[in-house]
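Coordinate inspection notes
What follows is the residue order along each chain.
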Amino acid sequence: MFTRSSKNGYTFNRLISFCTGGFVNSCVTDTAVIRRLAAFLLLLCAANSYARPDMTPLGPNIADKGSAFYHFAINTFDSADGKRHYNVWTAIPNKKPPARGYPVLYLLDGNAVMDRLSDDLLQKLSQRDPPVLVAIGYQTDLPFDLTARAYDYTPATQSGPQNLRGRAGGGSAVFRALLEHTIAPQAEKDLAIDPQKRALWGHSYGGLFVLESFLASDFFHSFYAAVPSLDRNNAALLSALEHVNKAQGSQKSLWFMEGDGDRKARDENATSDVLNAVSQTVSRLRSRGIPATYRLYPGLTHGAMFAASMHSALWHMSGETFPEAE
């Protein structure tokens, strides 16, 4: 019936077409019943399809095509246990660095990030104070390595490793060590970088990794957490944030970026309770002098927030004001 553009990264409407297709028409002849069944299946599929990414293989990205405004370096890495394999793209502005060095933005889910970078976008960044971009992806032609990211981006819980829809989680500490001690030094090698303008962006599970990094690390100074998956296993991160003292958090900046388009999707991330909890956490942080911002994107779904939040982080890193909306 409908097909969402793959650039948004999620196949919500495509699944609606499947659920309301020939099965209903072949089994039921009464028009009113058909309509009721179709409406029911529409809601059912909408709930079940939430946050299922479009896994269509990717074509050449901007690093393959070339840019008039940035040049690229590509490095590969392996996890310590040999189970996960990374592609890391470093996008370097052709513009001369500022006296204190380039700002640098590290972006998780690097394959999908690179698919969304265009020369028009890089041109707009270059007209301001363009940051170095480090897109951390996996050695795959798919937009996401679902198994690897589930492990890398999620924290361990008190009861042990997480089980995330059949995928192992809980490896964020191991991945953070690889990122800070191996990937970042190679990505920044021979570049003029301003360490006070080193930032991290992540979406969904990646947003969880950003929040935990804010708590656990001083390597980054700006943190952009887009629709972090604050389900029952990870809600403790909000409580931990509220216990950050001023001395620990005042030298960092934290941005929560949320959309409210999924509130009716009956998903753990879609409830207004999550948005309210995030907003209250930000207010408490600010009351203690810790720089925190809550940015709401009205009407945007979990999937649509990938590109929207990424663009916001890019603009902000290049010097644009980041407005707060509650």
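Note that the structure is predicted; figures quoted are calculated from it, not measured. (Residues numbered from 1 in each chain as written. Predicted model: local features only at pLDDT ≥ 70, side-chain atom pairs only at ≥ 80, totals over all residues. Heavy atoms only, no water.)

1. Some remarks on the overall build of the protein chain
Within the protein chain one finds 13 helices and 10 strands. Within the protein chain, counting contacts between residues at least 6 apart in sequence, those at least 24 apart form 71% of the total. When the accessible surface of the protein chain is split by element, carbon and sulfur atoms take 51% of a total near 15,000 Å². (Helix = DSSP H or I, 4+ residues; strand = E, 2+ residues; numbered from the N terminus. Contact = heavy atoms within 4.5 Å. Areas by Shrake-Rupley, 256 points an atom, 1.4 Å probe, with all protein chains shown as cover.)

2. Some remarks on the confidence of the model for the protein chain
Predicted confidence across the protein chain gives a mean pLDDT of 83, with 79% of residues reaching 70 or more. Per-residue pLDDT stays below 50 along residues 1-50; that stretch engages in 59 contacts with residues further than four places along the chain or on separate chains. (pLDDT = per-residue confidence, 0-100.)

3. As for the packing of helix α7 (residues 146-153) against helix α9 (residues 205-216)
Across the interface, α7 lies against α9 with an axial gap of 9 Å and an inter-helix angle of 20°. It follows from the interaxial angle that α7 and α9 lie roughly parallel. α7 and α9 meet at a crossing whose hand is left-handed. Here Arg 149, Ala 150, Asp 152 and Tyr 153 of α7 lie close against α9, whose contacting residues are Tyr 205, Gly 206, Leu 208 and Phe 209. (Axes fitted to C-alpha atoms, helices over the stretch in contact; angles between N-to-C directions. Parallel < 35°, antiparallel > 145°, perpendicular 65-115°, else oblique. Left-handed = near helix turned anticlockwise from the far one by under 90°.)

4. Some details on the pattern of salt bridges
Across all of its chains, the model carries 7 salt bridges by this definition. The residue Glu 188 makes a salt bridge to Arg 198 at a minimum N-O spacing of 2.9 Å. With Glu 188 in the loop between α8 (172-187) and β7 (193-203) and Arg 198 in strand β7, this residue pair connects regions lying 10 residues apart in the sequence. The exposure class assigned to Glu 188 is buried, which follows from its relative accessible area of 13%. You can call Arg 198 buried: its relative accessible area is 10%. Between Asp 218 and Lys 252 there is a salt bridge; the shortest N-O distance is 3.2 Å. In this pair, Asp 218 is assigned in the loop between α9 and β8 (222-226) and Lys 252 in the loop between α11 (246-249) and β9 (253-259), connecting sequence segments 34 residues apart. (Salt bridge = Lys/Arg side-chain N within 4 Å of Asp/Glu carboxyl O. Buried < 20%, exposed > 50% of the residue type's maximum accessible area, 1.4 Å probe, protein only.)

5. Re the nonpolar core
Counting 49 residues, the largest nonpolar core has Tyr 106, Ile 136 and Phe 256 as its most contacted members. What Phe 256 contacts, discounting residues up to four positions off in sequence, is Leu 211, Ala 225, Pro 228, Leu 238, Leu 241, Val 278, Val 282, Thr 293, Tyr 294 and Arg 295. With 32 residues, the next largest nonpolar core counts Ile 62, Leu 121, Ala 226 and Ala 313 among its residues. (Core = buried A, V, L, I, M, F, W, Y, C linked by side-chain atoms within 4.5 Å.)

6. Notes on the sheet that holds β7
One open sheet holds the 8 strands; their spatial order is β1-β2-β4-β3-β7-β8-β9-β10, and the pairing between them is mixed. Both edges of this open sheet fall to β1 (70-78) and β10 (292-297), since each of them pairs with a single strand only. Averaged over all pairs of adjacent strands, the angle between strand axes in this sheet comes to 15°, irrespective of strand direction. Pairing of strand β3 (residues 102-107) with β7 involves 5 bridges; the strand directions are parallel. Across the sheet, residue Val 104 finds its bridge partner in β7, namely Arg 198. In the packing of α8 onto the sheet, the strands contacted are β1, β2 (85-93), β3, β4 (132-138) and β7, and the crossing angle to β1 comes to about 140°. (Pairing = 2+ DSSP bridges.)

7. Quick word on the packing of aromatic side chains
Here the structure, examined in full by the defined rule, presents 12 aromatic pairs. Arranged with centres 5.1 Å apart and planes meeting at 90°, the rings of Trp 201 and Phe 306 form a pair that is edge-to-face. Placement of the pair is Trp 201 in strand β7 and Phe 306 in helix α13 (residues 305-317), with a sequence separation of 105 residues. Classification of Phe 306 by relative accessible area gives buried; the value is 0%. (Phe/Tyr/Trp six-rings, centres within 6.5 Å; stacked < 30°, edge-to-face > 60°.)

8. Things to note about the environment of Thr 301
Within the secondary structure layout, Thr 301 lies in the loop between β10 and α13. On a C-alpha basis, the gap between Thr 301 and Val 227 in space is 9.4 Å, while along the polypeptide they are 74 residues apart.

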